[in-house]
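# Per-entry structural report
In case you want the letters, here they are:
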There are 2 protein chains.
Amino acid sequence: MKVTFQIEGGSPVEIECNAGDNLLELARRANVAIDAPCSGNGSCGKCRVKLVEGEVETIPSRHITDEEYEAGWRLSCNTKVIGDCTVFVPDIASAYQRRMKTADLSSPEEVAIFENAKKEMQESGLPFDNCYEAIQLELSAPTEDDTMPDNERLTWGLQAALPVDDATIRIPYGVMVKLAGTLRENDFRVCVKGELKDNVFTCMDICAYDDTKLVGCAIDIGTTTVSMVLVDMATGELLAKGSSGNGQIRYGADVINRIIESTRTGGRKKLQDAIIKETLTPIIANLCRTAGIKATSILRLCIGANTTMNHLLIGVDADPVRMDPYIPSFFAWEGLTAQDLKLPANPIAPVVIAPNIGSYVGGDITAGTLATMMWDKDEMTLFIDLGTNGEIVFGNRDFLMSCACSAGPAFEGGDISCGMRATDGAIEAVTIDKATMEPTMTIVGEAGQKPVGICGSGIIDIISELFRTGIINARGLFAREGERVKRDQHGMGRYVLATAQESETGREVSINEVDIDNFIRAKGAIYSGIDTLLQSVDMTPDCIDCVMVAGGIGSGINMKNAINIGMLPDVELEKYKYIGNSSLTGAYAMTVSDAAIDKCHEVGANMTYLELSTYPGYMDSFVAACFLPHTDAKLFPNSIQQ
Amino acid sequence: MKVTFQIEGGSPVEIECNAGDNLLELARRANVAIDAPCSGNGSCGKCRVKLVEGEVETIPSRHITDEEYEAGWRLSCNTKVIGDCTVFVPDIASAYQRRMKTADLSSPEEVAIFENAKKEMQESGLPFDNCYEAIQLELSAPTEDDTMPDNERLTWGLQAALPVDDATIRIPYGVMVKLAGTLRENDFRVCVKGELKDNVFTCMDICAYDDTKLVGCAIDIGTTTVSMVLVDMATGELLAKGSSGNGQIRYGADVINRIIESTRTGGRKKLQDAIIKETLTPIIANLCRTAGIKATSILRLCIGANTTMNHLLIGVDADPVRMDPYIPSFFAWEGLTAQDLKLPANPIAPVVIAPNIGSYVGGDITAGTLATMMWDKDEMTLFIDLGTNGEIVFGNRDFLMSCACSAGPAFEGGDISCGMRATDGAIEAVTIDKATMEPTMTIVGEAGQKPVGICGSGIIDIISELFRTGIINARGLFAREGERVKRDQHGMGRYVLATAQESETGREVSINEVDIDNFIRAKGAIYSGIDTLLQSVDMTPDCIDCVMVAGGIGSGINMKNAINIGMLPDVELEKYKYIGNSSLTGAYAMTVSDAAIDKCHEVGANMTYLELSTYPGYMDSFVAACFLPHTDAKLFPNSIQQ
């Protein structure tokens with residue numbers, strides 16, 4: 001039988017299938033993007049499609065109302081195909097890719113944070129020097145009396161021009177094949193770009209005489225979002241920047257589901273194609289256009305990515321990451337080139353991967369730690385990266401401890417019924433009037449945008465405000481009644497932020513007790529992670545001199561509210577600092593600075609990884625943190641106590 | 001309009017075209033193989049096709065009789081398309097690829113010659129040692145207490161097992177991506193193959209524990225024929241051998257036409273694909289099947305090829321080879337890998353190119369010179385490689401001189417009206433009875449094979465015999481009349497080897513005065529090359545201690561006849577030695593021996609190249625040699641003088 005996907009704003013896609021096939025799986029096989037943050041276990045309610053024709057079999061879901069069901073709406077993850085059918089797929093993916101609010105240096109604030117980090121790094125011992133050189137040569141054409149062939153002529157010219165004596169010159173394939181033509185097209189006046197290391201100069205590109213630009217590419221590969229900058233490696237100047245969603249998203253919102261998908265037949269290739277061909281390649285192409293350079297001018301790429309993203313990018317078996325004893329295939333690995341991954345860049349450009357230090361603390365964290373400069377300071381710094389997962393590093397120049405929290409996708413809108421990512425229509429900030437219980441909301445998008453759902457920072461605000469106003473209690477259960485508080489037939493309470501009439505979609509935007517419980521577990525995971533890390537070095541929250549918060553969600557977080565609900569430790573607000581996309585900043589530093597690459601590897605080698613799941617006391621700490629703000633109120637003296 | 005090629009034994013191919021397009025050009029564009037040794041200048045008469053339907057415009061040719069013309073036969077190079085048409089293309093190419101007699105080690109004689117060369121090389125200072133190692137490792141799986149990731153585990157194991165201390169271990173992409181899987185599929189008992197150089201071990205493959213075979217691939221790329229052997233690099237044993245025609249043949253029989261073709265739009269890629277995708281790739285695949293190995297086991301490839309073949313293989317601009325001042329893009333170049341050329345082999349396997357020393361003395365000659373061992377001897381050796389071109393090296397351990405003769409394709413059957421390559425039906429040896437003038441012929445193929453044409457060795461015999469029997473005079477003109485001697489209306493004589501009735505094709509097989517003149521020029525070019533080379537070092541033929549003849553045609557040559565006609569110098573027959581495919585033997589030596597690679601480069605660097613076309617006295621020498629046997633009869637005391 002046959003399923004036809006009618007994609008909003010796109011061409012229809014058909015796929016052959018068998019009776020009983022799962023609709024979400026089929027969409028994945030057909031490369032049709034359906035948002036599924038919970039990876040198809042029915043909990044997030046995001047994979048909605050509308051049956052246009054034919055017959056399917058669906059398990060009812062709390063995410064689909066009776067009216068919606070009548071209209072044909074189904075969760076694709078709960079739906080089996082039983083005959084030929086046609087389904088309508090809303091264009092969530094492209095909207096999200098277009099408008100996703102992310103730490104990609106697109107705002108002046110982000111740029112300021114980034115420039116500051118850059119300055120700080122330069123000032124404290126990471127010279128922005130690298131091994132790349134652009135050597136301008138004025139050679140002469142061969143004659144009957146000067147019978148040197150092109151490659152010897154080039155070698156001779158380079159040896160004379162290089163700042164070292166008797167360099168060995170390597171001319172790899174990519175340069176060899178264009179050597180004769182480039183010399184002749186430019187009357188033997190050319191610029192050779194390459195890497196000078198240990199007295200060996202490796203030619204990477206041969207260009208016109210005046211084309212001296214040395215370009216690097218720094219990439220942050222998040223589970224959800226990919227951000228990138230092109231950099232002038234001689235000056236450190238940003239040439240172009242951009243971001244987009246990680247194309248692997250359709251194979252699962254979290255790393256575990258992507259690993260499982262990658263272990264299926266052909267899966268590793270599929271996941272690798274999704275990141276390389278569908279995500280990185282178009283961004284690089286775009287950035288090159290913006291910067292007015294050829295992709296072959298990119299001579300080095302540096303990548304900050306979590307352990308799973310690193311494995312899936314390279315195409316290395318990622319299954320060991322999720323399987324006992326949780327030892328990934330590699331922590332640090334050098335030897336990757338752009339041609340290995342078929343990335344649009346100079347084929348022999350090294351692809352430098354910031355090292356992983358465990359299955360769930362990866363290169364994004366080592367690169368981020370590099371960017372925090374905490375490895376260079378006496379002050380005790382707590383570094384928290386809030387992405388799809390939450391990772392925490394604590395320490396200073398003497399030691400570095402790290403751990404990963406299984407926070408789940410709550411901060412990115414998953415596991416919350418009206419949750420969504422920070423795209424148009426997302427409620428990103430909220431205050432609630434204690435007396436009237438009426439909300440005041442900030443919504444992502446242009447003026448007049450009506451609410452669609454709630455993103456991570458909005459959820460923190462809502463829960464903090466619901467708690468402050470006494471609408472919910474410390475367990476997250478509704479304690480007041482009123483216009484905005486509704487209950488379903490089972491008595492489950494919810495707070496309505498926007499009625500069906502007020503919302504963009506005609507569906508109510510609300511947060512219910514299940515959502516709140518999910519979120520409390522997520523924030524409890526973060527807090528207990530911090531707590532356990534501190535305990536492991538016999539310290540308490542008052543030892544913290546500085547809290548650096550990184551990650552896409554971090555930018556929107558109201559830190560005071562995050563403290564109020566017991567997600568972040570109750571230290572003075574002045575100690576908090578939002579540092580943007582620290583993984584990208586770290587990758588940038590490595591792109592322009594050889595010393596930064598060495599330092600990042602040193603940070604990786606010296607950082608201690610704490611496996612929380614097996615750490616004594618962690619579970620107790622987690623359970624204690626699953627209250628608002630915490631079972632031990634003394635830890636949160638500044639939280640609004642009820 | 002449209003041309004349809006009906007290919008004998010294949011599927012029809014259609015191509016769109018314009019009125020006036022040349023049929024041979026169209027065939028090339030459509031990738032239809034039509035034999036055209038003269039590259040379309042109308043002289044060889046080999047590019048016959050038969051018009052089935054439609055209309056064309058053809059310039060009449062002496063190669064097509066009136067009856068043949070009536071039947072639809074045309075020379076494709078002389079034919080313009082003027083409307084939709086369908087032409088029948090005889091399957092010359094595939095027959096030739098199947099049955100070509102070539103020096104590819106397929107006969108016991110060739111193998112004996114090869115084994116002898118191999119022994120001689122080993123005995124005199126070229127140890128068959130190389131930098132490749134197969135290291136068997138018995139590792140253990142990671143546990144909670146042994147948390148090393150796979151790549152560190154491998155590094156650690158290799159460092160313990162390698163015969164050197166503290167080796168640096170490089171794990172490139174190809175090994176990294178299969179590392180996790182291979183370790184686990186083999187319970188962590190694996191064999192790692194790689195290159196150990198300067199204390200750096202580069203992992204090239206990771207296999208099952210017992211798979212320890214290290215395979216090399218030696219390739220001779222001739223303009224006409226490609227020969228290849230797979231070699232066990234540990235023992236030197238031949239694992240498989242094979243050959244086929246060079247797929248570039250349809251772009252011209254000689255190097256000049258291929259270079260011209262390569263300079264057209266997309267031409268470089270076309271020529272490169274013809275050798276890599278269409279020729280080398282299938283042979284390697286075949287040989288791997290025969291040897292029962294995976295292509296990724298091939299860890300080194302060594303290539304002996306002429307300068308043009310080297311340029312076209314790599315995809316480097318070959319135009320400088322044929323343009324004044326005739327300085328190719330490179331002589332020696334290191335840095336090529338299998339993945340650069342997309343050859344089926346280990347992706348990082350080095351592809352070692354025997355160095356060129358001039359536009360027309362290439363790596364086939366340096367590799368061949370390596371194989372002759374003349375660089376190690378006191379005796380004066382003359383080394384002649386008779387392929388599509390003729391190259392000559394003279395010297396000993398003290399000096400090496402070389403030159404190239406523009407002999408044209410006569411030795412491979414081109415430029416001779418009934419000439420053909422040494423495939424089924426080729427007359428390869430002839431004697432003529434002086435009294436009756438009747439020929440006795442040896443024909444390539446099974447018993448009862450009727451003649452189709454004449455190959456190189458046959459032409460030498462015929463001309464020698466015609467001269468010996470007085471049927472032709474010293475200028476190559478017919479001097480006797482008889483049954484076998486015919487003349488056309490212009491009085492041009494020809495000797496009939498087989499009448500239309502006696503031949504396989506129904507077309508007479510004969511040799512005419514134009515053919516003989518063409519051949520005399522070719523043999524004159526060879527002899528004057530030798531003569532000039534000797535003169536340049538103030539020597540005469542009696543200084544020659546040894547003459548080594550290599551090349552596909554060499555095997556069939558009757559040396560005495562070659563002396564009789566003044567093609568080779570008149571020294572004692574015992575001094576002549578046929579050495580088979582010396583380019584392949586040299587490539588083989590480089591495959592198994594690192595010392596041989598160094599020696600080959602040394603030979604290339606030390607060999608002097610004599611450009612005959614500008615050498616004073618060469619033209620005189622050539623003109624003097626364009627007689628049978630020579631204008632100076634004293635040079636050929638043993639030739640049968642008339």
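Residues numbered from 1 in each chain as written. Chains lettered and ligands numbered in written order. Predicted model: local features only at pLDDT ≥ 70, side-chain atom pairs only at ≥ 80, totals over all residues.

## Focus: the overall build of chain A
To keep it simple, the criterion reads: For the purposes of this entry, the term helix denotes a DSSP run of H or I that reaches at least four residues, the term strand denotes a run of E that reaches at least two, and both are numbered from the N terminus. Our radius of gyration looks at C-alpha atoms and nothing else; its globule reference is 2.2 Å times the residue count to the power 0.38. Around each residue's C-beta, the other C-beta atoms within 10 Å are counted; 20 or more make the residue buried, 12 or fewer make it exposed, and counts in between make it partly exposed. All C-beta atoms are placed from the backbone.
What chain A contains, in helices and strands, is 18 helices and 26 strands. Over its C-alpha trace chain A gives a radius of gyration of 27 Å, about what one expects of a compact globule, namely 26 Å for 642 residues. With the C-alpha coordinates aligned to their principal axes, the bounding extent of chain A is approximately 95 × 65 × 50 Å. The buried share of chain A, reckoned over its 642 residues, is 55%.

## Re the sheet that holds strand S5 (residues 79-89) of chain A
All names here are of chain A. Defined as follows: DSSP-based pairing: two strands are paired if at least 2 bridges between them are found. Helix axes are fitted to C-alpha atoms over the stretch in contact, other axes to C-alpha atoms as well, and angles between N-to-C directions run from 0 to 180 degrees.
Taken in spatial order, the five strands make up an open sheet running S2-S1-S5-S3-S4, and their pairing is mixed. On the outer flanks of this sheet lie strand S2 (13-16) and strand S4 (73-75), each paired with one strand and no other. Across the sheet, the mean angle separating the axes of adjacent strands is 35 degrees when strand polarity is ignored.

## Concerning the sheet that holds strand S19 (residues 439-443) of chain B
All names here are of chain B. Test applied: Residue pairs are scored as contacts if the distance between their C-beta atoms, which are placed from the backbone, is within 7 Å.
The strand order across the open sheet built from three strands is S19-S18-S20, with neighbouring strands paired in mixed fashion. Taken across any chain shown, the strands that pair with only one partner, and hence form the sheet edges, are S19 and strand S20 (453-454). Across five bridges, strand S18 (residues 426-432) lies against S19 in antiparallel orientation. Note that in S19 the partner of Ile-427 across the bridge is Ile-443. The sheet strands contacting helix H13 (residues 456-468) are S18 and S20, and the helix crosses S18 at an angle near 20 degrees.

## A short note on the domain arrangement of chain A
Test applied: For the domains described, the bounds stem from an automatic or database domain assignment.
As assigned here, chain A comprises domain 1 (2-90), domain 2 (132-208), domain 3 (216-353), domain 4 (373-409 + 526-635) and domain 5 (410-519). The distance between the C-alpha centroids of domain 3 of chain A and domain 5 of chain A comes to 35 Å.

## Thoughts on helix H7 (residues 255-263) of chain B
All names here are of chain B. Put simply, the rule reads: It is the directions from the helix axis to the C-beta atoms whose arc is reported.
Among all positions of H7, only Val-255, Arg-258, Ile-259, Glu-261 and Ser-262 are buried. One side of H7 holds all its buried residues, which, seen down the axis, span an arc of 160 degrees. Residues of H7 that are buried in the fold lie against helix H8 (267-291), helix H9 (307-314) and helix H10 (319-322).

## Digging into the interface of chain B and chain A
Inclusion rule: By the convention adopted, Pro, Cys, Tyr, Trp, Phe, Met, Ile, Leu, Val and Ala count as nonpolar, Lys, Arg, Asp and Glu as charged, and the other residues, Gly among them, as polar.
At the interface, 31 residues of chain B touch 31 residues of chain A. Of all elements in the fold, only helix H5 (150-161) and helix H6 (173-185) of chain B reach the threshold of two or more residues within the side of chain B that touches chain A. For the side of chain B that touches chain A, the element with the most residues is H6(B), which contributes six residues. Taken together, the residues of the side of chain B that touches chain A sort by class into 19 nonpolar, seven polar and five charged.

## Considering the relation of the copies chain B and chain A
Both copies of the chain are related by a screw-like operation: a rotation about an axis and a shift along it. Going by this rule: The superposition of copies rests on a least-squares fit of C-alpha positions from residues with pLDDT of 70 or more in both.
Relative to chain A, chain B is turned by 180 degrees and slid 0.1 Å along the rotation axis, the superposed coordinates differing by an RMSD of 0.1 Å. Interpreted geometrically, this transformation is the action of a two-fold axis. Rotation axis and chain B: the residue whose C-alpha lies nearest the axis is Gln339(B), separated from it by 4.8 Å. Residue by residue, 100% of the interface of chain B is reproduced at the interface of chain A, so both copies engage with the same surface.

## Quick word on the pairing of strand S12 (residues 238-245) of chain B
Residues and elements named next belong to chain B. In terms of residue burial, S12 counts as a mostly covered element, since six of its eight residues are buried. Bridge analysis of strand S11 (residues 225-232) against S12 gives seven bridges, and the strand direction is antiparallel. Bridge pairing in S12 links Val-231 to Leu-238.

## Some words on unusual backbone geometry
The phi angle of most residues is negative, glycine excepted, and most peptide bonds adopt the trans form. Residues and elements named next belong to chain A. At the junction of Leu-628 and Pro-629, the peptide bond is cis and its omega measures out at -10 degrees in the coordinates. Summarising the element assignment, Pro-629 is placed in the segment after helix H18 (618-625). For Asp-187, which is not a glycine, the phi torsion comes out positive at approximately 50 degrees. As for its placement among the helices and strands, Asp-187 is situated in the loop between helix H6 (173-185) and strand S8 (189-197).

## Observations concerning the environment of Asn246(A)
Residues and elements named next belong to chain A. With respect to the secondary-structure elements, Asn-246 resides in the loop between strand S12 (238-245) and helix H7 (255-263). In this structure Asn-246 comes out as buried when scored by C-beta crowding, with 26 C-beta atoms within 10 Å. On a C-alpha basis, the gap between Asn-246 and Val-3 in space is 26 Å, while along the polypeptide they are 243 residues apart.

## Considerations on the nonpolar core
Stated precisely, the cut-off is as follows: Here a nonpolar core is just a set of buried residues of the types Ala, Val, Leu, Ile, Met, Phe, Trp, Tyr and Cys, joined wherever their C-beta atoms sit within 7 Å.
Leu301(A), Ile303(A), Ile454(A), Leu301(B), Ile303(B) and Ile454(B) are the most contacted members of the largest nonpolar core, which totals 341 residues. Once you skip the residues sitting within four places of it in the chain, Leu301(B) turns out to touch Cys217(B), Ile219(B), Ala338(B), Leu343(B), Ala345(B), Ala349(B), Val351(B) and Val352(B).

## Topic: the packing of helix H16 (residues 582-592) of chain B against helix H17 (residues 594-606) of chain B
Residue and element names in this part refer to chain B. In plain terms, the rule: Just so you know how the angles are binned, under 35 degrees is roughly parallel, over 145 roughly antiparallel, 65 to 115 roughly perpendicular, and the rest oblique.
Contact geometry for H16 and H17: axes closest at 5 Å, N-to-C directions at 130 degrees. With respect to H17, the element H16 is oriented oblique. For the pair H16 and H17, contact is made by Gly-586, Ala-589 and Met-590 and by Ala-596, Ile-597 and Cys-600, respectively. Looking at the contact of H16 with H17 residue by residue, the class counts come to five nonpolar, one polar and no charged.

## With respect to the pairing of strand S17 (residues 400-405) of chain B
Residue and element names in this part refer to chain B. Burial analysis of S17 places five of its six residues in the buried class, the great majority of the element. The sheet contact formed by strand S16 (residues 390-395) and S17 spans six bridges and is antiparallel. Residue pairing across strands places Gly-395 opposite Leu-400, the latter belonging to S17. Counting the residues between successive antiparallel strands, the hairpin from S16 to S17 contains four residues. Sheet topology note: the S17/strand S26 (residues 608-609) ladder contains two bridges and is parallel. Looking across to S26, one finds that Met-401 is bridged to Thr-608.

## Overview of the confidence of the model for chain A
Quick note on the threshold: Confidence scores per residue from the predictor, reported as pLDDT, run from 0 to 100.
Across chain A, pLDDT averages 90, with 95% of residues at or above 70. Confidence drops under a pLDDT of 50 for residues 95-101 of chain A, and excluding neighbours within four residues, the segment shows 16 contacts in the predicted structure.

## Describing the packing of helix H12 (residues 363-372) of chain B against H17(B)
Residue and element names in this part refer to chain B. The cut-off we apply is this: Take the far helix as the reference: if the near one is turned anticlockwise from it by less than a right angle, the crossing is left-handed, and if turned clockwise, right-handed.
Closest axis-to-axis distance for the H12/H17 pair is 9 Å, and the angle between their directions is 115 degrees. The two elements H12 and H17 meet at a crossing, and its hand is right-handed. Note on element contacts: H17 touches H12 through Ala-596, Lys-599, Cys-600, Val-603 and Gly-604, opposite Thr-366, Ala-367, Thr-369 and Leu-370. Class assignment of the residues belonging to the contact of H12 with H17 gives a composition of five nonpolar, three polar and one charged.

## Re the environment of Gly40(B)
All names here are of chain B. Position of Gly-40 among the secondary structure elements: in the loop between helix H1 (23-29) and strand S3 (48-58). Residue classification places Gly-40 among the buried residues on the basis of 22 C-beta atoms within 10 Å. Along the sequence, Gly-40 and Gly-125 sit 85 residues apart, while their C-alpha atoms lie 48 Å from each other. The residues contacting Gly-40, other than those within four sequence positions of it, are Leu-24 and Cys-77.

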